[in-house]
Amino acid sequence: MTRFIQQYFGRFWLAAVYLFLYLPLFFLIVFSFNSTRQDGIFTGFSLRWYTALMGDSRLVEGFFLSLKVAVITGTLSTILGAFAAFVLVRYVRFKGRTMFAGLVSAPLVMPEVIIGLSLLLLMVAVQRALGWPDRGAITIVLGHTLLGMAYATVVITGRLREMDRSIEEAAMDLGCRPFQVFFLVTLPNIAPSLVAAWMLTFTLSFDDVVVSEFLSGPGVTTLPQVIFGYARRGVNPSIYAAAAILITVVSVGIIAYSVIMARQQARRARDIQAATAA
(Lines give C-alpha, C1' and ligand atoms only; values in the text may rest on other atoms or scores of the structure.)
Protein backbone atom coordinates (compact mmCIF):
# COMPACT_ATOMS: atom_id res chain seq x y z
CA MET A 1 0.00 0.00 0.00
CA THR A 2 2.82 2.37 0.88
CA ARG A 3 4.54 1.62 -2.41
CA PHE A 4 1.32 2.28 -4.30
CA ILE A 5 0.90 5.64 -2.58
CA GLN A 6 4.48 6.63 -3.30
CA GLN A 7 4.13 5.70 -6.94
CA TYR A 8 0.75 7.18 -7.79
CA PHE A 9 -0.12 9.82 -5.19
CA GLY A 10 2.26 12.38 -6.65
CA ARG A 11 0.87 11.85 -10.14
CA PHE A 12 -2.69 12.08 -8.88
CA TRP A 13 -1.95 15.29 -6.99
CA LEU A 14 -0.22 16.82 -10.03
CA ALA A 15 -3.16 15.88 -12.28
CA ALA A 16 -5.61 17.39 -9.75
CA VAL A 17 -3.65 20.67 -9.68
CA TYR A 18 -3.54 20.91 -13.47
CA LEU A 19 -7.25 20.08 -13.64
CA PHE A 20 -8.03 22.83 -11.15
CA LEU A 21 -5.96 25.35 -13.10
CA TYR A 22 -6.99 24.56 -16.65
CA LEU A 23 -10.52 23.15 -16.45
CA PRO A 24 -12.06 26.66 -16.25
CA LEU A 25 -10.20 27.62 -19.42
CA PHE A 26 -11.55 24.53 -21.15
CA PHE A 27 -15.12 25.40 -20.20
CA LEU A 28 -14.60 28.97 -21.34
CA ILE A 29 -13.50 27.80 -24.78
CA VAL A 30 -16.41 25.35 -25.00
CA PHE A 31 -19.03 27.97 -24.11
CA SER A 32 -17.57 30.42 -26.61
CA PHE A 33 -19.19 28.12 -29.20
CA ASN A 34 -22.55 28.02 -27.41
CA SER A 35 -25.54 28.90 -29.54
CA THR A 36 -27.33 30.89 -26.80
CA ARG A 37 -26.42 33.27 -23.99
CA GLN A 38 -27.23 30.73 -21.26
CA ASP A 39 -24.49 30.10 -18.71
CA GLY A 40 -23.71 26.57 -17.63
CA ILE A 41 -25.92 24.98 -20.31
CA PHE A 42 -24.47 24.11 -23.70
CA THR A 43 -27.39 24.34 -26.11
CA GLY A 44 -25.58 23.72 -29.37
CA PHE A 45 -22.53 24.54 -31.48
CA SER A 46 -22.43 27.97 -33.11
CA LEU A 47 -19.95 30.60 -34.29
CA ARG A 48 -22.33 33.47 -33.68
CA TRP A 49 -20.28 34.94 -30.83
CA TYR A 50 -17.13 35.00 -32.93
CA THR A 51 -19.09 36.81 -35.61
CA ALA A 52 -20.41 39.21 -32.98
CA LEU A 53 -16.87 39.71 -31.73
CA MET A 54 -15.68 40.82 -35.15
CA GLY A 55 -18.54 43.33 -35.26
CA ASP A 56 -17.87 44.75 -31.79
CA SER A 57 -15.72 47.83 -32.43
CA ARG A 58 -14.85 48.30 -28.75
CA LEU A 59 -13.41 44.81 -28.43
CA VAL A 60 -11.54 45.03 -31.74
CA GLU A 61 -10.07 48.46 -30.97
CA GLY A 62 -9.21 47.36 -27.45
CA PHE A 63 -7.45 44.28 -28.79
CA PHE A 64 -5.22 46.23 -31.20
CA LEU A 65 -4.47 48.86 -28.55
CA SER A 66 -3.51 46.14 -26.04
CA LEU A 67 -1.37 44.44 -28.68
CA LYS A 68 0.47 47.65 -29.51
CA VAL A 69 0.99 48.56 -25.85
CA ALA A 70 2.16 45.05 -24.98
CA VAL A 71 4.69 44.89 -27.84
CA ILE A 72 6.21 48.26 -26.91
CA THR A 73 6.14 47.42 -23.21
CA GLY A 74 7.78 44.03 -23.73
CA THR A 75 10.57 45.58 -25.79
CA LEU A 76 11.26 48.46 -23.41
CA SER A 77 11.03 46.25 -20.33
CA THR A 78 13.48 43.72 -21.79
CA ILE A 79 16.00 46.39 -22.75
CA LEU A 80 15.84 48.18 -19.41
CA GLY A 81 15.78 44.89 -17.52
CA ALA A 82 18.92 43.76 -19.36
CA PHE A 83 20.70 46.98 -18.39
CA ALA A 84 19.63 46.60 -14.76
CA ALA A 85 20.67 42.92 -14.72
CA PHE A 86 24.12 43.75 -16.08
CA VAL A 87 24.58 46.40 -13.41
CA LEU A 88 23.53 44.03 -10.62
CA VAL A 89 25.57 41.03 -11.82
CA ARG A 90 28.68 42.47 -13.45
CA TYR A 91 29.19 45.57 -11.29
CA VAL A 92 28.78 44.15 -7.81
CA ARG A 93 30.52 46.97 -5.99
CA PHE A 94 29.31 50.52 -6.44
CA LYS A 95 27.84 53.10 -4.14
CA GLY A 96 24.09 52.73 -3.77
CA ARG A 97 23.90 49.17 -5.13
CA THR A 98 21.64 47.98 -2.32
CA MET A 99 19.23 50.85 -2.89
CA PHE A 100 19.31 50.28 -6.65
CA ALA A 101 18.52 46.57 -6.22
CA GLY A 102 15.67 47.42 -3.86
CA LEU A 103 14.19 49.99 -6.25
CA VAL A 104 14.38 47.56 -9.17
CA SER A 105 12.59 44.80 -7.27
CA ALA A 106 10.08 47.04 -5.44
CA PRO A 107 7.33 46.73 -8.12
CA LEU A 108 7.35 42.96 -7.60
CA VAL A 109 6.00 43.27 -4.07
CA MET A 110 4.12 46.55 -4.33
CA PRO A 111 0.32 46.28 -4.79
CA GLU A 112 -0.71 47.29 -8.29
CA VAL A 113 -3.30 49.67 -6.86
CA ILE A 114 -0.55 51.62 -5.14
CA ILE A 115 1.60 51.60 -8.27
CA GLY A 116 -1.29 52.76 -10.43
CA LEU A 117 -2.33 55.53 -8.04
CA SER A 118 1.21 56.83 -7.58
CA LEU A 119 1.81 56.81 -11.34
CA LEU A 120 -1.47 58.65 -11.89
CA LEU A 121 -0.41 61.42 -9.48
CA LEU A 122 3.00 61.60 -11.15
CA MET A 123 1.58 61.78 -14.68
CA VAL A 124 -0.92 64.47 -13.70
CA ALA A 125 1.84 66.55 -12.10
CA VAL A 126 4.13 66.15 -15.12
CA GLN A 127 1.31 66.94 -17.53
CA ARG A 128 0.47 70.14 -15.66
CA ALA A 129 4.11 71.20 -15.57
CA LEU A 130 5.13 70.29 -19.12
CA GLY A 131 1.84 69.85 -20.96
CA TRP A 132 2.82 66.27 -21.81
CA PRO A 133 1.99 63.41 -21.75
CA ASP A 134 -1.77 63.25 -21.91
CA ARG A 135 -3.34 60.21 -20.33
CA GLY A 136 -3.60 57.51 -22.97
CA ALA A 137 -1.50 54.86 -24.66
CA ILE A 138 1.79 56.56 -23.75
CA THR A 139 1.06 56.70 -20.03
CA ILE A 140 -0.12 53.08 -20.08
CA VAL A 141 3.15 52.02 -21.74
CA LEU A 142 5.17 53.92 -19.14
CA GLY A 143 3.27 52.33 -16.28
CA HIS A 144 3.48 48.82 -17.71
CA THR A 145 7.20 49.27 -18.42
CA LEU A 146 7.85 50.16 -14.79
CA LEU A 147 6.15 46.96 -13.70
CA GLY A 148 7.56 44.77 -16.48
CA MET A 149 11.15 45.90 -16.03
CA ALA A 150 11.23 44.36 -12.56
CA TYR A 151 10.16 40.95 -13.90
CA ALA A 152 12.56 41.16 -16.84
CA THR A 153 15.44 41.97 -14.51
CA VAL A 154 14.79 38.85 -12.43
CA VAL A 155 14.71 36.58 -15.49
CA ILE A 156 17.85 38.02 -17.12
CA THR A 157 19.77 38.23 -13.83
CA GLY A 158 19.36 34.49 -13.30
CA ARG A 159 20.80 33.71 -16.73
CA LEU A 160 23.73 36.10 -16.32
CA ARG A 161 24.69 34.53 -13.00
CA GLU A 162 24.67 31.05 -14.54
CA MET A 163 26.72 32.09 -17.56
CA ASP A 164 30.35 30.99 -17.65
CA ARG A 165 32.39 34.19 -17.82
CA SER A 166 35.47 32.30 -18.99
CA ILE A 167 33.94 32.31 -22.47
CA GLU A 168 33.99 36.10 -22.52
CA GLU A 169 37.52 36.16 -21.13
CA ALA A 170 38.65 33.76 -23.84
CA ALA A 171 37.11 35.96 -26.51
CA MET A 172 38.93 39.02 -25.12
CA ASP A 173 42.20 37.06 -25.01
CA LEU A 174 41.70 36.30 -28.71
CA GLY A 175 41.47 40.01 -29.51
CA CYS A 176 37.77 40.84 -29.29
CA ARG A 177 36.86 44.27 -28.03
CA PRO A 178 34.24 44.66 -25.27
CA PHE A 179 31.39 45.52 -27.65
CA GLN A 180 32.34 42.55 -29.87
CA VAL A 181 32.34 40.26 -26.84
CA PHE A 182 28.89 41.50 -25.93
CA PHE A 183 27.33 41.05 -29.36
CA LEU A 184 29.19 37.87 -30.39
CA VAL A 185 29.39 35.99 -27.08
CA THR A 186 27.27 37.43 -24.30
CA LEU A 187 24.14 38.27 -26.27
CA PRO A 188 23.77 34.84 -27.93
CA ASN A 189 24.19 33.14 -24.53
CA ILE A 190 21.52 35.24 -22.81
CA ALA A 191 19.18 35.31 -25.82
CA PRO A 192 16.81 32.67 -24.36
CA SER A 193 16.39 34.75 -21.21
CA LEU A 194 15.72 37.86 -23.29
CA VAL A 195 13.01 36.04 -25.22
CA ALA A 196 11.53 34.67 -21.99
CA ALA A 197 11.58 38.13 -20.40
CA TRP A 198 9.90 39.65 -23.47
CA MET A 199 7.15 37.03 -23.49
CA LEU A 200 6.56 37.42 -19.75
CA THR A 201 6.35 41.21 -19.85
CA PHE A 202 4.25 41.10 -23.02
CA THR A 203 1.73 38.85 -21.28
CA LEU A 204 1.71 40.92 -18.09
CA SER A 205 1.08 44.08 -20.09
CA PHE A 206 -1.55 42.54 -22.34
CA ASP A 207 -3.77 41.33 -19.48
CA ASP A 208 -3.21 44.18 -17.00
CA VAL A 209 -6.32 45.93 -15.73
CA VAL A 210 -5.41 47.82 -12.56
CA VAL A 211 -2.57 50.02 -13.84
CA SER A 212 -4.41 50.57 -17.14
CA GLU A 213 -7.51 51.78 -15.28
CA PHE A 214 -5.50 54.50 -13.56
CA LEU A 215 -3.46 55.60 -16.58
CA SER A 216 -5.92 55.34 -19.48
CA GLY A 217 -7.64 58.45 -20.75
CA PRO A 218 -10.94 59.21 -22.48
CA GLY A 219 -11.44 57.02 -25.55
CA VAL A 220 -8.41 54.87 -24.73
CA THR A 221 -9.47 51.45 -23.43
CA THR A 222 -7.44 48.26 -23.53
CA LEU A 223 -9.00 44.86 -24.17
CA PRO A 224 -8.92 43.74 -20.49
CA GLN A 225 -10.68 46.98 -19.55
CA VAL A 226 -13.38 46.37 -22.15
CA ILE A 227 -13.86 42.79 -20.98
CA PHE A 228 -14.00 43.89 -17.34
CA GLY A 229 -16.57 46.55 -18.20
CA TYR A 230 -18.73 44.04 -20.05
CA ALA A 231 -18.47 41.54 -17.18
CA ARG A 232 -19.77 44.11 -14.68
CA ARG A 233 -22.91 44.66 -16.77
CA GLY A 234 -23.59 40.96 -17.27
CA VAL A 235 -22.01 38.09 -19.12
CA ASN A 236 -21.54 38.68 -22.84
CA PRO A 237 -20.56 35.49 -24.73
CA SER A 238 -18.47 37.63 -27.08
CA ILE A 239 -16.07 37.88 -24.14
CA TYR A 240 -15.74 34.11 -24.19
CA ALA A 241 -14.83 34.24 -27.86
CA ALA A 242 -12.21 36.95 -27.27
CA ALA A 243 -10.73 35.02 -24.35
CA ALA A 244 -10.66 31.78 -26.38
CA ILE A 245 -8.72 33.52 -29.15
CA LEU A 246 -6.25 34.93 -26.64
CA ILE A 247 -5.75 31.54 -24.98
CA THR A 248 -5.13 29.94 -28.37
CA VAL A 249 -2.63 32.59 -29.45
CA VAL A 250 -0.72 32.46 -26.16
CA SER A 251 -0.67 28.66 -26.17
CA VAL A 252 0.66 28.52 -29.72
CA GLY A 253 3.33 31.07 -28.84
CA ILE A 254 4.45 29.15 -25.75
CA ILE A 255 4.56 25.84 -27.62
CA ALA A 256 6.52 27.39 -30.49
CA TYR A 257 8.98 28.98 -28.06
CA SER A 258 9.43 25.69 -26.19
CA VAL A 259 10.09 23.78 -29.41
CA ILE A 260 12.61 26.36 -30.63
CA MET A 261 14.45 26.41 -27.29
CA ALA A 262 14.52 22.61 -27.13
CA ARG A 263 16.01 22.41 -30.63
CA GLN A 264 18.61 25.05 -29.80
CA GLN A 265 19.63 23.25 -26.63
CA ALA A 266 19.89 19.95 -28.49
CA ARG A 267 21.99 21.59 -31.21
CA ARG A 268 24.23 23.21 -28.58
CA ALA A 269 24.66 19.86 -26.82
CA ARG A 270 25.63 18.21 -30.11
CA ASP A 271 28.14 20.98 -30.85
CA ILE A 272 29.71 20.66 -27.41
CA GLN A 273 29.90 16.88 -27.78
CA ALA A 274 31.50 17.19 -31.21
CA ALA A 275 34.00 19.76 -29.96
CA THR A 276 34.87 17.55 -26.98
CA ALA A 277 35.30 14.50 -29.20
CA ALA A 278 37.59 16.42 -31.53
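Residues numbered from 1 in each chain as written. Predicted model: local features only at pLDDT ≥ 70, side-chain atom pairs only at ≥ 80, totals over all residues. Heavy atoms only, no water.

A tally of regular secondary structure across the protein gives 11 helices and zero strands. Taken against the 2.2 N^0.38 rule, which gives 19 Å for 278 residues, the C-alpha radius of gyration of the protein at 23 Å runs more than 25% over that of a compact globule. In terms of overall dimensions, the protein has C-alpha extents of about 70 × 70 × 40 Å along its principal axes. Taken across its 278 residues, the protein has 32% of its residues classed as buried. (Helix = DSSP H or I, 4+ residues; strand = E, 2+ residues; numbered from the N terminus. Rg over C-alpha atoms; globule rule 2.2 N^0.38 Å. Buried < 20%, exposed > 50% of the residue type's maximum accessible area, 1.4 Å probe, protein only.)

Sequence positions flagged by UniProt for "transmembrane region" (unreviewed entry) are, in local numbering, residues 12–33, 63–88, 100–125, 137–160, 181–206 and 239–260. Helix makes up 92% of residues 100–125 and strand makes up 0%, while its end C-alpha atoms are separated by 24 Å. As annotated, residues 137–160 comprises 100% helix and 0% strand, and the C-alpha atoms at either end are separated by 33 Å. (UniProt positions renumbered as here; feature names shortened; annotations may be inferred.)

Looking at where Gln225 falls in the secondary structure, it is placed in helix α10 (residues 223–232). Ignoring sequence-local partners within four residues, the contact set of Gln225 consists of Ser212, Glu213, Ser216 and Val220. (Contact = heavy atoms within 4.5 Å.)

With that out of the way, let us pick up the packing of helix α7 (residues 166–173) against helix α8 (residues 178–206). Interhelical geometry of α7 versus α8 gives an angle of 140° and a closest axis separation of 10 Å. If you check the angle between α7 and α8, you find them oblique. Crossing hand, α7 versus α8: right-handed. Across the interface between the two elements, Ile167, Glu168, Ala171 and Met172 from α7 touch Val181, Val185 and Thr186 from α8. Here the contact of α7 with α8 is composed, by residue class, of five nonpolar, one polar and one charged. (Axes fitted to C-alpha atoms, helices over the stretch in contact; angles between N-to-C directions. Parallel < 35°, antiparallel > 145°, perpendicular 65-115°, else oblique. Left-handed = near helix turned anticlockwise from the far one by under 90°. Nonpolar A, V, L, I, M, F, W, Y, C, P; charged D, E, K, R; others polar.)

Take the nonpolar core next. Leu53, Leu59, Phe206, Leu223, Ile227, Tyr230 and Ala241 are the most contacted members of the largest nonpolar core, which has 15 residues in total. For this core, the secondary-structure elements that each account for two or more residues are α2 (48–55), α3 (57–90), α8, α10 and α11 (237–277). Val89, Ala171, Ile190 and Ala197 belong to the second largest nonpolar core, which has 14 residues in total. (Core = buried A, V, L, I, M, F, W, Y, C linked by side-chain atoms within 4.5 Å.)

Judged by side-chain charge, Arg263, Arg267, Arg268 and Arg270 come together as a positively charged surface patch. By relative accessible area, Arg268 is classed as partly exposed at 39%. (Patch = residues over 30% accessible without salt bridge, like charges linked within 9 Å, V, L, I, M, F, W, Y side chains within 5 Å. Areas by Shrake-Rupley, 256 points an atom, 1.4 Å probe, with all protein chains shown as cover. Salt bridge = Lys/Arg side-chain N within 4 Å of Asp/Glu carboxyl O. Lys, Arg positive; Asp, Glu negative; His and termini not counted. Charge placed at Lys NZ, Arg CZ, Asp CG, Glu CD.)

Take the layout of surface pockets next. Its volume calculated, the largest pocket comes out at about 880 Å³. In terms of lining, the largest pocket is formed by 25 residues, of which the most central are Thr203, Leu246, Ile247, Val250 and Ser251. Going through the elements one at a time, α1 (2–31), α3, α8, α10 and α11 are the ones with two or more residues in the lining of the largest pocket. Considering each element in turn, the lining of the largest pocket owes the most residues, nine residues, to α11. Broken down by class, the residue content of the lining of the largest pocket amounts to 21 nonpolar, three polar and one charged. For the second largest pocket, the calculated volume is near 220 Å³. Together, Phe86, Arg90, Tyr91, Arg165, Glu168, Glu169, Met172, Pro178, Val181, Phe182 and Thr186 line the second largest pocket. (1 Å grid on protein atoms, 1.4 Å probe; cavity = no way out; pocket = protein on both sides within 12 Å on 5 of 7 lines; lining within 4 Å. Points joined across faces, edges and corners; volume = space filled by probe spheres on them.)

What follows concerns the environment of Ser35. In this fold, Ser35 is placed in the loop between α1 and α2. Accessibility expressed as a relative area gives 21% for Ser35, which makes it partly exposed. Sequence separation between Ser35 and Trp49 is 14 residues, and the spatial gap between their C-alpha atoms is 8.1 Å. Ser35 has contacts with Thr43, Gly44, Ser46, Arg48 and Trp49, leaving out every residue within four places of it along the chain.

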